[in-house]
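# Reading the structure
Residues per chain are reported as follows:
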Amino acid sequence: MIGPITVGVSVTAGTVIALLWAVWGAAATLRVAVSILTLSWAAEVIGSRTGFPFGRYSYTDALQPQILDVPLQIPLGWLMMLPPSWAVAQAIVNWTKPRWEFPAFVGFSALAMTAWDLFLDPMMVTWEMWVWDHPGSYFGIPWINYLGWLLVSALITILIRPGKLPVAPLLMIYTAIWLLKTAGLGFFWGMLGAALVGSFIMGSITILAWRAMITRD
């Protein structure tokens, strides 16, 4: 299972980089990619060593290689999903045109990113990729973990302040991951509860973003 995870994350992250590269060029894309990788890795190092902001957890040896006990697949996963989450937010914000545009963009980005973890954490804990010191009520995951995801996603977005995105192709990636996680957890890996919750939340955000894309003009 670990091999397909690494390949899938790597290929999807590479696709995201290629999409950004076509719009932003090499310098801006590399700056954003390095920033996401560095900031998310730092958040995971701090989180796994201090319990802030996700709660107390630790990675097992299942995912390799690791730097300071954080698997390299983890920041790569942030690189894979954060730009598609930005695309979700940009679609919604461009459609609703709120008074406070950037704060709304940050909020929707953090929500879209965190929705993915409703699938991810139950799956990875079941597969013993990481363990919680004090398992919580959401399929073994403490709710503080999701507050941490909201916070870290928002902070990285604020620090990077991404420019105009290739919204449609990135939204396709977000949609594909929603559908694949729903099918995987629900039909193949025996995690129906997490599949239903994750599918409802991530799916609602996805549908809202597509509606915004379709009706924007």
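What you see is a predicted model; the values in this text were computed from it and never measured. (Residues numbered from 1 in each chain as written. Predicted model: local features only at pLDDT ≥ 70, side-chain atom pairs only at ≥ 80, totals over all residues. Heavy atoms only, no water.)

### Some details on the overall build of the protein
The line we're drawing: To qualify as a helix, a DSSP run of H or I must reach at least 4 residues; to qualify as a strand, a run of E must reach at least 2; elements of each kind are numbered from the N terminus. Our radius of gyration is a C-alpha quantity, and the globule rule it is checked against amounts to 2.2 Å times the number of residues to the power 0.38. Only protein chains enter the area calculation, which uses a 1.4 Å probe; residues under 20% of their type maximum are buried, those over 50% are exposed, and those in between are partly exposed. Whether two residues are in contact is decided by their heavy atoms: any pair within 4.5 Å suffices.
A count of helices and strands for the protein gives seven helices and four strands. Sequence-ordered secondary structure for the protein, helices as α and strands as β, is α-α-β-β-β-α-α-β-α-α-α. Computed over C-alpha atoms, the radius of gyration of the protein comes to 16 Å, within 12% of the 17 Å expected from 2.2 N^0.38 for 217 residues, which places it in the range of a compact globule. Seen along its three principal axes, the alpha-carbon backbone of the protein occupies a region of about 50 × 35 × 30 Å. Within the protein, the proportion of its 217 residues that are buried is 49%. Here the analysis covers contacts within the protein between residues at least 6 apart in sequence; of these, 76% occur between residues at least 24 apart.

### So, helix H3 (residues 73-96)
Stated precisely, the cut-off is as follows: Expected helix span is given by 1.5 Å per residue-to-residue step, counting one fewer step than there are residues.
Here H3 is 24 residues long and its end C-alpha atoms lie 35 Å apart, about the 34 Å a rise of 1.5 Å per residue gives. Trailing H3 by a residue or two, Lys 97 shows a phi angle of about 50°, which is positive.

### Concerning the confidence of the model for the protein
In plain terms, the rule: pLDDT gives the predictor's per-residue confidence on a scale running from 0 to 100.
Considering every residue of the protein, the mean pLDDT works out to 95; 99% of them sit at 70 or more. Across the protein, helix H5 (residues 144-160) holds the top mean pLDDT of 98, while helix H1 (residues 2-24) sits lowest at 91.

### Considering the packing of aromatic side chains
For the record, the criterion: Note on aromatic pairs: the rings of Phe, Tyr and Trp (six-membered ring only in Trp) are paired at centre separations within 6.5 Å, and the planes decide the class, stacked below 30 degrees, edge-to-face beyond 60, tilted for the rest. Lysine NZ or arginine CZ positioned within 6 Å of the ring centre and within 35 degrees of the ring normal marks a charge as sitting over the ring.
Per the counting criterion, the structure on display carries 12 aromatic pairs. Note on Tyr 57 and Tyr 59: the rings are 5.6 Å apart at their centroids and 80° apart in plane angle, and the pair reads as edge-to-face. Of the two residues examined, Tyr 57 and Tyr 59, each falls in the buried class. Judged by centre distance (4.7 Å) and plane angle (80°), the rings of Tyr 138 and Phe 139 are edge-to-face. Owing to a relative accessible area of 42%, Phe 139 belongs among the partly exposed residues under this scheme. Cluster of aromatic residues (ring-pair linked, three or more members): Phe 54, Tyr 57, Tyr 59, Trp 130 and Trp 132. When the ring centre of Phe 102 is taken as reference, the NZ or CZ atom of Arg 161 above it lies at 4.0 Å.

### Looking at the environment of Pro 122
In this fold, Pro 122 is placed in helix H4 (residues 101-126). Counting along the chain gives 48 residues from Pro 122 to Leu 170, while the straight-line C-alpha distance between them is 25 Å. Those residues in contact with Pro 122 that lie beyond four places of it in its chain are Asp 117, Tyr 138, Phe 139, Ile 141, Tyr 146, Met 191 and Ala 194.

### Quick notes on the packing of H3 against helix H6 (residues 167-188)
Which entries qualify depends on this criterion: Orientation is described by axes fitted as lines to C-alpha atoms, over the contacting stretch for helices, and by angles from 0 to 180 degrees between their N-to-C directions. Left-handed describes a crossing in which the near helix is turned anticlockwise from the far one by less than a right angle; the clockwise case is right-handed. Under this grouping Gly is polar, as are all residues other than the nonpolar Ala, Val, Leu, Ile, Met, Phe, Trp, Tyr, Cys and Pro and the charged Asp, Glu, Lys and Arg.
For the pair H3 and H6, the least separation of the axes is 8 Å and the interaxial angle reads 115°. Where H3 crosses over H6, the handedness of that crossing is left-handed. Contacts between H3 and H6 pair Met 80, Met 81, Pro 83, Pro 84, Ser 85, Ala 87, Val 88, Gln 90 and Ala 91 from the former with Val 167, Leu 170, Leu 171, Ile 173, Tyr 174 and Ile 177 from the latter. Its residues placed into classes, the contact of H3 with H6 shows 13 nonpolar, two polar and no charged.

### Some details on the nonpolar core
To be explicit about the condition: What is meant by a nonpolar core is a set of buried Ala, Val, Leu, Ile, Met, Phe, Trp, Tyr and Cys residues, joined one to another through side-chain atoms within 4.5 Å.
Within the largest apolar cluster, 68 residues are counted, with the highest numbers of intra-cluster contacts made by Trp 86, Trp 116, Tyr 174 and Met 202. Examining the composition of this core, we find that 13 residues originate from one element, H3, more than from any other. Contacts of Trp 86, omitting those with residues within four sequence positions, involve Trp 24, Val 32, Ile 36, Phe 105, Ser 109, Thr 157, Ile 160, Pro 162 and Leu 165.

### Description of the packing of H4 against helix H7 (residues 192-215)
Defined as follows: If an angle is under 35 degrees, it is roughly parallel; if it is over 145, roughly antiparallel; if it lies from 65 to 115, roughly perpendicular; otherwise it is oblique.
Look at H4 against H7: their axes get within 9 Å of each other, and the N-to-C directions meet at 165°. On the basis of the axis angle, H4 is roughly antiparallel to H7. The handedness of the crossing between H4 and H7 comes out as left-handed. Contact with H4, carried on its side by Leu 111, Ala 112, Ala 115, Trp 116, Leu 118, Phe 119 and Pro 122, involves Ala 194, Ala 195, Gly 198, Ser 199, Ile 201, Met 202 and Ile 205 of H7 and no other residues of that element. When the residues that make up the contact of H4 with H7 are grouped by side-chain class, the tally is 12 nonpolar, two polar and no charged.

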